[in-house]
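A closer look at the structure
Read off the chains here:
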Amino acid sequence: MMKTIAVLFLALGCCLSEPQNGCEAPQSGGPERSGLCALCSLPQDVANVMEKVNLLETRLQKTEKDVEELRSLIGGQPQVAFSAALLDSGSGNTGPFTAATPLKYKRVFSNTGSSYNPSTGIFTAHVKGMYFFRFSMFNNLSATPSSVVSLMKNGQRLTSVWDTAGSDSNDMGSNAVVIALEVGDSVYAELGANRIVYDDGMNYNTFSGFLLFTM
C-alpha cells in the first residue's frame, strides 16, 4: 500500500511539471525546456511501475492464501501416530499368563503425540476423532499352536487374530479397524489367557495407529 501511494505521488508531480503547451524540441540555451520534456515521459514509466506493483500484490495475496491453507492442513490438524514392535531386543515367547493381558510393545518406531505408552502397551486418545489401528501376531513355535490376540477398546473386544490348531508352527496374521474415539478412550492389543506369541529381531508382532481426522 505504501509503495502504491508513493507511485501515485510521483505521477501527480510529473503531471504538475508538464508544460501547458506540450513539449517542444530542445532549443539552444534552453536546458530548462529539455528537462521538462524529460519529465513528460515519466507518466508512462509510472504506469508501467504501477502495473508491476499490481501484479506483485496479486501474487503476494495468492501466496498468503496458499500459506494459510498449508497452516490449516499442518498446523491446525493435531498429529497423532505411533508404531511399535513387541520386543526391544532378543527373541522368545511372551506368555502364557493366567489372565488376559495387554501386550507391551516395547520397541517404539514412532510416537507422534505421545499417546502410546510402551510401559503399559496402551494407547490413550488425547484428541477426539476417527482413528485407524492395526496389529499383527506371530504364533508360538511349537507343534501345537496356542496364540490368540485381540484388539480392545476400553476393555471391549473389537477384533482378533488366532491360531490354535494345525501342524504349521510358523503362522502369522493381522487385523485392523477404523473407530471413533473420545478423549480418554484406550486401545490396546490383548494376549488371551494361557496363550503365547513368539517374536525375535524380525519384529513379527506390531501395533500401530494414527488419527485420520478430528471430530
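Rules and cut-offs
Position labels on residues start from 1 in each chain and follow its written sequence. Per-residue local features of the predicted model are confined to residues with pLDDT of at least 70, and side-chain atom pairs are confined, for both listing and counting, to 80 or more; whole-chain, interface and lining totals are unaffected and use all residues. Based on all heavy atoms of the structure, the side-chain values leave hydrogens and waters out of the count. Any two strands with at least two DSSP-identified bridges between them are counted as paired. Working definition: helices are DSSP H or I runs of at least four residues, strands are E runs of at least two. Numbering for both runs from the N terminus. Fitted lines through C-alpha atoms serve as axes, helices being fitted only where they are in contact, and the angles separating the N-to-C directions of these axes extend from 0 to 180 degrees. Pairing of aromatic rings covers Phe, Tyr and the six-membered ring of Trp, with a centre-to-centre limit of 6.5 Å; geometry is then stacked below 30 degrees between planes, edge-to-face above 60, and tilted otherwise. Definition of nonpolar core: a set of buried residues of the types Ala, Val, Leu, Ile, Met, Phe, Trp, Tyr and Cys, connected through side-chain atoms within 4.5 Å. Remark: exposure states derive from per-residue accessible area (1.4 Å probe, protein chains only) relative to the maximum for the residue type, with buried under 20%, exposed over 50%, and partly exposed in between. Contact definition: two residues touch when any of their heavy atoms are within 4.5 Å. Patches were defined on residues exceeding 30% relative accessible area and lacking a salt bridge, with like-charge contacts within 9 Å and nonpolar side-chain contacts (Val, Leu, Ile, Met, Phe, Trp, Tyr) within 5 Å. Surface exposure here means Shrake-Rupley accessible area, sampled with a 1.4 Å probe, where a residue is shielded only by the protein chains that are shown. Salt bridge, as applied in this entry: a Lys or Arg side-chain nitrogen positioned within 4 Å of an Asp or Glu carboxyl oxygen. Identification of polar contacts relies on pairs of N or O atoms within 3.5 Å, with a donor-acceptor requirement for protein atoms, meaning one able to donate a hydrogen and the other able to accept it, and with residues adjacent in sequence counted only if both atoms are side-chain atoms. Each residue carries a pLDDT value, the predictor's own confidence for that position, ranging from 0 to 100.

Regarding the sheet that holds strand S13 (residues 206–214)
By way of backbone hydrogen bonds, the strands of a sheet pair with one another, either parallel or antiparallel. The strand order S4-S1-S13-S7-S10 describes an open sheet built from five strands, whose pairing is antiparallel. Looking at strand neighbours, the two that pair on one side only are strand S4 (107–112) and strand S10 (172–181), the edges of this open sheet. Put simply, the sheet's adjacent strands are angled 10° from each other on average, direction ignored. Where strand S7 (residues 129–138) meets S10, 10 bridges bridge the pair, whose relative direction is antiparallel. Residue pairing across strands places Ser136 opposite Ser174, the latter belonging to S10.

Focus: the packing of aromatic side chains
Within the structure shown, the criterion is met by 13 aromatic pairs. Here the aromatic cluster, defined as three or more aromatic residues joined through ring pairs, consists of Phe82, Tyr105, Tyr116, Phe123, Tyr131, Phe133 and Phe207.

A word on the nonpolar core
Among the nonpolar cores identified, the biggest contains 27 residues, and Tyr105, Phe123, Tyr131, Phe133, Val149, Leu181 and Phe207 are the most heavily contacted of them. Put simply, the parts of the chain that give this core at least two residues each are strand S1 (81–85), S7, strand S8 (147–153), S10, strand S11 (186–191) and S13. Not counting the four nearest positions on each side in its chain, Val149 is found in contact with Leu103, Phe135, Met137, Thr159, Ser160, Val161, Ala189, Glu190, Leu191 and Val197.

Some thoughts on unusual backbone geometry
Gly95 connects to Pro96 through a cis peptide bond whose omega is 5°. Here the phi dihedral of Asn194 falls at roughly 65°; this positive angle occurs in a residue that is not glycine. In this fold, Asn194 is placed in the loop between S11 and strand S12 (197–199).

Here's the deal with a nonpolar patch on the surface
A cluster of nonpolar residues, Val178, Phe210, Leu212, Phe213 and Met215, forms a patch on the protein surface that exposes about 470 Å² of accessible area. If one sorts the elements of the nonpolar patch by residue count, S13 sits on top with three residues.

Notes on the pairing of S1
The element S1 is extensively covered by neighbouring structure, given that four of its five residues are classed as buried. Judged from the five bridges that link them, S1 and S4 form a sheet pairing that is antiparallel. Bridging across to S4, Ala85 finds its partner in Arg107. Looking at chain direction, S1 and S13 are connected through five bridges and run antiparallel. Considered in S13, the bridge of Ser83 is made with Ser208.

Description of the pattern of salt bridges
Opposite charge on two side chains makes pairing possible when the charged atoms of those side chains draw close. On inspection of all chains with the given rule, the structure shows one salt bridge. The residue Glu182 makes a salt bridge to Lys128 at a minimum N-O spacing of 3.9 Å. With Glu182 in the loop between S10 and S11 and Lys128 in the loop between strand S6 (122–124) and S7, this residue pair connects regions lying 54 residues apart in the sequence.

Here we look at the side chain of Ser150
Along the polypeptide, Ser150 turns up in strand S8. A polar atom in the side chain of Ser150 sits 3.0 Å from the side chain of Arg157.

Considering the confidence of the model for the protein
When pLDDT is averaged across the protein, the result is 83; 74% of the residues are at 70 or more. Note on residues 14–26: pLDDT is under 50 here. Beyond four places in sequence and across chains, it has 16 contacts.

Regarding the side chain of Asn203
Tracing the sequence through the fold places Asn203 in the loop between S12 and S13. Setting aside residues no more than four positions away along its own chain, Asn203 makes contact with Ala85, Leu87, Arg107 and Phe109.

Brief notes about the environment of Val108
Within the secondary structure, Val108 sits in strand S4. Distance from Val108 to Ser208, taken between C-alpha atoms, is 9.8 Å for residues 100 residues apart in sequence. When neighbours within four sequence positions are excluded, Val108 is seen to be in contact with Ser83, Ala84, Tyr116 and Pro118.

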